[in-house]
Amino acid sequence: MTIASNQIPGPLRWAVLTLRGEAVAVGLIAGWLLWANLVAPTVDLTSALLLTAFAAGVAAVLWALGGALARCRAGARAPSIVLQLMLLPMGWFMIEGGIGWLGGPLMALGLGVTALLLSTPTTRALGFE
């Protein structure tokens, strides 16, 4: 089932935009990691490349999930929710590590997008009701 973009409910549209924004942010981090790999005086090359590839992969997955949700593909909702819930332990450890100014908003982002993905209009648009 495909719904025209002007018929996508607001919560789903916001979830898609947020997932795409997260993809861009993680993509920028991957770019920074690549740059850091190139200019670092000493580096464990294998670990550095794996971390950079992981960040690039996460960015690609977030972008793809946003696109699938924009096309109202129901199968994209569960992996999107899992990725959003993964922000909770990351945020918690940031708070514990003294960077609560980043950890708190990260946790709120994960919960907010999860709420958007579980909202009634989104559930209907994805064909779960």
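(A) Seen up close, the overall build of the chain. Within the chain one finds six helices and zero strands. In the chain, the succession of helices and strands from N to C terminus is α-α-α-α-α-α. With respect to the principal axes defined by its C-alpha atoms, the chain has extents near 55 × 30 × 20 Å. Expressed as a percentage of the 129 residues in the chain, the buried residues total 33%. Long-range pairs, those at least 24 residues apart, make up 64% of the contacts in the chain with a sequence separation of at least 6. On the chain, the mean spot of the 6 positive side-chain charges and the mean spot of the 4 negative ones are 21 Å from each other.

(B) Just the packing of aromatic side chains, in detail. In this structure the tally under the stated criterion is zero aromatic pairs. Between Arg20 and the ring centre of Trp63, over which it is positioned, the NZ or CZ distance is 4.1 Å.

(C) Looking closely at the layout of surface pockets. The volume enclosed by the largest pocket comes to roughly 580 Å³. Going through the elements one at a time, α1 (10-39), α2 (45-70), α3 (77-85), α4 (87-96) and α5 (100-118) are the ones with two or more residues in the lining of the largest pocket. Tallying contributions element by element places α2 first for the lining of the largest pocket, with five residues. The class makeup of the residues in the lining of the largest pocket is 15 nonpolar, one polar and one charged.

(D) Region of interest: a nonpolar patch on the surface. There is a patch of nonpolar side chains on the surface, built from Trp32, Leu34, Trp35, Leu38 and Val39 and spanning about 600 Å² of accessible area. On the secondary structure map, Trp35 appears in helix α1.

(E) The arrangement of the environment of Leu106 in detail. Along the chain, Leu106 turns up in helix α5. Put simply, Leu106 and Trp92 are 14 residues apart on the chain and 9.0 Å apart in space, counted from C-alpha to C-alpha. Leave out the neighbours within four places in its chain, and Leu106 touches Leu87, Met90, Gly91 and Met94.

(F) Representation of α3 within the structure. Residues of α3 that are buried include every one of Arg77, Ser80, Ile81 and Gln84, and no others. One side of α3 holds all its buried residues, which, seen down the axis, span an arc of 100 degrees. Where α3 is buried, its residues touch α1, α2, α4, α5 and α6 (120-125).

(G) Quick peek at the side chain of Glu22. Within the fold, Glu22 resides in helix α1. For the buried residue Glu22, which engages in no salt bridge, the nearest side chain bearing the opposite charge is Arg20, 11 Å off. Excluding anything up to four places from it in sequence, Glu22 contacts Leu62, Gln84, Leu87, Leu109 and Val113.

Definitions and cut-offs
Residues numbered from 1 in each chain as written. Predicted model: local features only at pLDDT ≥ 70, side-chain atom pairs only at ≥ 80, totals over all residues. Heavy atoms only, no water. Helix = DSSP H or I, 4+ residues; strand = E, 2+ residues; numbered from the N terminus. Buried < 20%, exposed > 50% of the residue type's maximum accessible area, 1.4 Å probe, protein only. Contact = heavy atoms within 4.5 Å. Lys, Arg positive; Asp, Glu negative; His and termini not counted. Charge placed at Lys NZ, Arg CZ, Asp CG, Glu CD. Phe/Tyr/Trp six-rings, centres within 6.5 Å; stacked < 30°, edge-to-face > 60°. Lys NZ or Arg CZ within 6 Å of the ring centre and 35° of its normal. 1 Å grid on protein atoms, 1.4 Å probe; cavity = no way out; pocket = protein on both sides within 12 Å on 5 of 7 lines; lining within 4 Å. Points joined across faces, edges and corners; volume = space filled by probe spheres on them. Nonpolar A, V, L, I, M, F, W, Y, C, P; charged D, E, K, R; others polar. Patch = residues over 30% accessible without salt bridge, like charges linked within 9 Å, V, L, I, M, F, W, Y side chains within 5 Å. Areas by Shrake-Rupley, 256 points an atom, 1.4 Å probe, with all protein chains shown as cover. Salt bridge = Lys/Arg side-chain N within 4 Å of Asp/Glu carboxyl O. Arc of directions from axis to C-beta.

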